[in-house]
Amino acid sequence: MTARVLVLVAVVVLTLALGAWWRSRQGAVRRVPGAAGSAAGGAQDAAHSGAAGAFGGGDSSAAPWRDAGVRIDGPTFVQLSSEICTACRSTARVLRGIVEDRPALRHVELDVAEHPGLVRELGVLRTPTVLVVSAGGHVVARTSGATNRRQALDALAALPAREHAAADLGGPTGVRHPDHTESPERR
Amino acid sequence: MTANPADPANPGATATGAPPAQIDARGPRFGAALTSVLLAVALLLGASTAGLVVLTVVAAGFAVGAVRGAQHTWQGWVFRTLVRPRIGAPSEVEDPRPPRFAQQVGFAITGIGAVLGVTVTLMAVPVAAAIALVAAVLNAVFGLCLGCELYVLGRRLRTRAG
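Note that residues are indexed from 1 along each chain, following the sequence as it is written. Think of it this way: whatever chain is written first is A, whatever ligand is written first is 1, and the rest follow in order. Confidence filtering applies because this is a predicted model: local features only for residues at pLDDT of at least 70, side-chain atom pairs given and counted only at 80 or more, and all residues used for totals across whole chains, interfaces and linings. By convention in this description, side-chain values take in all heavy atoms of the structure and omit both hydrogens and water.

Undergrad: Explain the overall build of chain A here, please?
TA: Secondary structure summary: chain A contains seven helices and five strands in total. Three exposure classes are used, based on accessible area relative to the maximum for each residue type with a 1.4 Å probe and protein chains only: buried under 20%, partly exposed in between, and exposed over 50%. Burial analysis of chain A (187 residues in total) assigns 55% to the buried set. Any two residues whose heavy atoms approach within 4.5 Å are treated as being in contact. A fraction of 69% describes how many contacts in chain A between residues 6 or more apart in sequence connect residues 24 or more apart. Methods summary: accessible areas were calculated by the Shrake-Rupley approach with a probe of 1.4 Å, and residue burial reflects only the protein chains presented. Accessible surface, chain A: about 7,800 Å² in total, of which carbon and sulfur atoms supply 58%. By the criteria applied, helices consist of DSSP H or I runs no shorter than four residues and strands consist of E runs no shorter than two, each listed in order from the N terminus.

Undergrad: How should the overall build of chain B be read in this particular structure?
TA: Counting its regular elements, chain B contains six helices and two strands. Taken from N to C terminus, the helices and strands of chain B fall in the order β-α-α-α-β-α-α-α. Out of the 162 residues in chain B, the part that is buried amounts to 48%. Sequence-distant contacts, at least 24 apart, represent 74% of the contacts inside chain B between residues at least 6 apart. Entry remark: accessible area of chain B is about 7,700 Å², with carbon and sulfur atoms responsible for 71%.

Undergrad: Before we go on, may I ask you to explain the pattern of salt bridges in this structure?
TA: Opposite charge on two side chains makes pairing possible when the charged atoms of those side chains draw close. The salt bridge criterion pairs a side-chain nitrogen of Lys or Arg with a carboxyl oxygen of Asp or Glu, the two atoms within 4 Å. Taken as a whole and judged by the stated rule, the model has eight salt bridges over all chains. If you follow the salt bridges from partner to partner, you end up with Glu83 and Arg89 of chain A together with Asp95 and Arg97 of chain B in one network.

Undergrad: What's the story with the interface of chain A and chain B in this structure? I'm lost.
TA: By convention, interface size is frequently given as the accessible area that disappears when the constituent parts associate. In this complex, chain A contributes 46 residues to the contact, which on the side of chain B involves 42 residues. One salt bridge in this structure joins Glu83 of chain A and Arg97 of chain B, with 3.4 Å as the shortest N-O distance. Breaking the side of chain A that touches chain B down by element, the ones donating at least two residues are helix H1 (2–25), helix H4 (86–100), strand E3 (106–111) and helix H5 (116–121) of chain A. The element that contributes the greatest number of residues to the side of chain A that touches chain B is H1 of chain A, accounting for 13 residues. When residues are grouped by polarity, Ala, Val, Leu, Ile, Met, Phe, Trp, Tyr, Cys and Pro land in nonpolar, Asp, Glu, Lys and Arg in charged, and all others, Gly among them, in polar. Looking at the side of chain A that touches chain B, its residues break down into 23 nonpolar, ten polar and 13 charged.

Undergrad: Mind showing me how you'd approach the state of the cysteines here?
TA: When the sulfur atoms of two cysteines share a covalent bond, that bond is a disulfide. The disulfide criterion used throughout: a pair of cysteine sulfur atoms within 2.5 Å. Following the criterion strictly, the structure yields two disulfides over all chains and no others. Between the sulfur atoms of Cys85 of chain A and its disulfide partner Cys88 of chain A the distance amounts to 2.0 Å. The disulfide joining Cys85 of chain A to Cys88 of chain A has a torsion of about 100° about its S-S bond and is therefore right-handed. Cys85 of chain A gets classed as buried once you look at its relative accessible area, which sits at 5%. Here Cys145 of chain B connects covalently by a disulfide to Cys148 of chain B, the sulfurs 2.2 Å from one another. In this structure, the disulfide formed by Cys145 of chain B and Cys148 of chain B twists by about 70° around the S-S bond and is classed as right-handed. You'll find Cys145 of chain B and Cys148 of chain B in the same group, each marked buried.

Undergrad: What is the right way to look at the UniProt feature "transmembrane region" (unreviewed entry) in chain B in this model?
TA: Residues and elements named next belong to chain B. As annotated in UniProt, the feature "transmembrane region" (unreviewed entry) corresponds to residues 37–64, 105–125 and 131–153 in the numbering used here. Secondary structure content for residues 105–125 is 81% helix and 0% strand, while the C-alpha to C-alpha distance between its ends is 16 Å. With 87% helix and 0% strand, residues 131–153 has end C-alpha atoms that lie 19 Å from one another. UniProt positions are given in the numbering used here, feature names are shortened, and annotations may be inferred rather than shown by experiment.

Undergrad: I tried to follow the side chain of Thr73 of chain B on my own but got confused; where do I start?
TA: Residues and elements named next belong to chain B. Relative to the elements of secondary structure, Thr73 occurs in the loop between helix H2 (49–68) and helix H3 (74–87). Judged by relative accessible area, which is 5%, Thr73 ranks as buried. One polar contact links the side chain of Thr73 to the main-chain carbonyl oxygen of Ala70, over a distance of 2.8 Å. When residues no more than four places from it in sequence are discounted, the contact partners of Thr73 are Gly61, Val64, Gly65 and Gln103. In the analysis that follows, any N or O atom pair within 3.5 Å is treated as a polar contact, provided that within protein one partner can donate a hydrogen and the other can accept it, and provided that, for residues neighboring in sequence, both atoms belong to side chains.

Undergrad: What should I look at first to understand the sheet that holds E3 of chain A in this one?
TA: Strand pairing in a sheet is mediated by backbone hydrogen bonds. Such pairs are either parallel or antiparallel. Residues and elements named next belong to chain A. As summarised here, the arrangement of the five strands in space is E1-E5-E4-E2-E3, forming an open sheet in which the pairing is mixed. At either margin of the open sheet sits one strand with a lone partner, and together these are strand E1 (30–31) and E3. Pairing geometry for strand E2 (residues 76–81) and strand E4 (residues 129–133), over five bridges, is antiparallel. Its bridge partner being in E4, Thr76 is matched across the sheet by Val133. In this scheme, strands are said to pair when DSSP sees at least two bridges between them.

Undergrad: I keep staring at a nonpolar patch on the surface and nothing clicks. Help me out?
TA: The patches reported here contain residues having more than 30% relative accessible area and no salt bridge. Joining distances are 9 Å for like charges and 5 Å for nonpolar side chains (Val, Leu, Ile, Met, Phe, Trp, Tyr). Taken together, Met1, Val5, Val9 and Val13 of chain A make up a surface patch of nonpolar side chains, about 370 Å² in accessible area. Mapped onto the secondary structure, Val5 of chain A falls in helix H1.

Undergrad: Sorry, what's going on with the packing of aromatic side chains here?
TA: Aromatic ring pairs are reported here in terms of the distance separating the ring centres and the angle at which the planes meet. Residue and element names in this part refer to chain B. Aromatic rings from Phe, Tyr and Trp, with only the six-membered ring used for Trp, were paired whenever their centres fell within 6.5 Å, and each pair was classed as stacked if the ring planes differed by under 30 degrees, edge-to-face if by over 60, and tilted otherwise. Scanning the entire structure with this criterion turns up two aromatic pairs over all chains. Between Phe30 and Phe79 the ring centres are 5.8 Å apart and the planes differ by 45°, which places this aromatic pair in the tilted class. Of this pair, Phe30 sits in helix H1 (residues 26–45) while Phe79 sits in helix H3, and the two are 49 residues apart along the sequence. Taking the centre distance of 5.4 Å and the plane angle of 85° together, the rings of Phe101 and Tyr151 count as edge-to-face. Here Phe101 is found in helix H4 (residues 97–119), whereas its partner Tyr151 is found in helix H6 (residues 146–161), with 50 residues between them in sequence. Judged by its relative accessible area of 17%, Phe101 is buried.

This is the structure:
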């Protein structure tokens, strides 16, 4: 019986550690190295430049997006969602709130079930995944899991400086829009 | 501006479909806490007939939730009749489909454990109970649906194989 109690305690402790790690990763912003305007550059997350394929890095255009039926004509939040995902709803609310007062910025929500090709090419492993796509069709930053307002604005800062300024996107911490309260919708 | 399914400029853009009636988000998490306790008991009973019985009870609850949704399980009933009247109206409601998917994943794990426990070896009982316990505790404590996290991965593997 003592052995079983120890097994139970070990399972619960490991589970709590796993959950705490998962929660800390929710909405964490990863800049895509090599993408246009990514000041961070470098090889901080090489795995994702590979996964992003034609969508990341140097000379891609809006063509891959057009093939998938997604119009990119300015900086865009592309959110990949699924029916069975609770955090997708809260993340969509956050992104809608951000694009509402930034006319140059768009939010497009796609269902992973209907875009298997995009999901594979973009290396999407979970929902929600949010991609910040520049006007040129490059993925410059991404987050996954429940994403709050601060994290989404932080991801926007990866856009090329010119696009960022032209779209009046505000500072990386959203200081230009203090009228909006932070909504820490982490779940 | 936000693209919606009717956006003619974005034929590929489809927001996740019109959601069915929302449920109290605290219900499935409370249910997962009750399930966690039962699974912990099953794990403590180990490779025994008693453990098998407890695991089967849990699997039966998941079966109902898998078909009808988490709000229709006995845990959902306990939440509605005993807990919710005491804690008041919910601050957050959610789509019932993710919790229902979680119930389906729970049913798969505990159902396979119970069947193997009857047909092959009773050792399958504590193993299945431990795996299901991880998922149930993550759900109860963190609101994390393990099956939902693995959903996209599962889809990709399926389309690759198909």
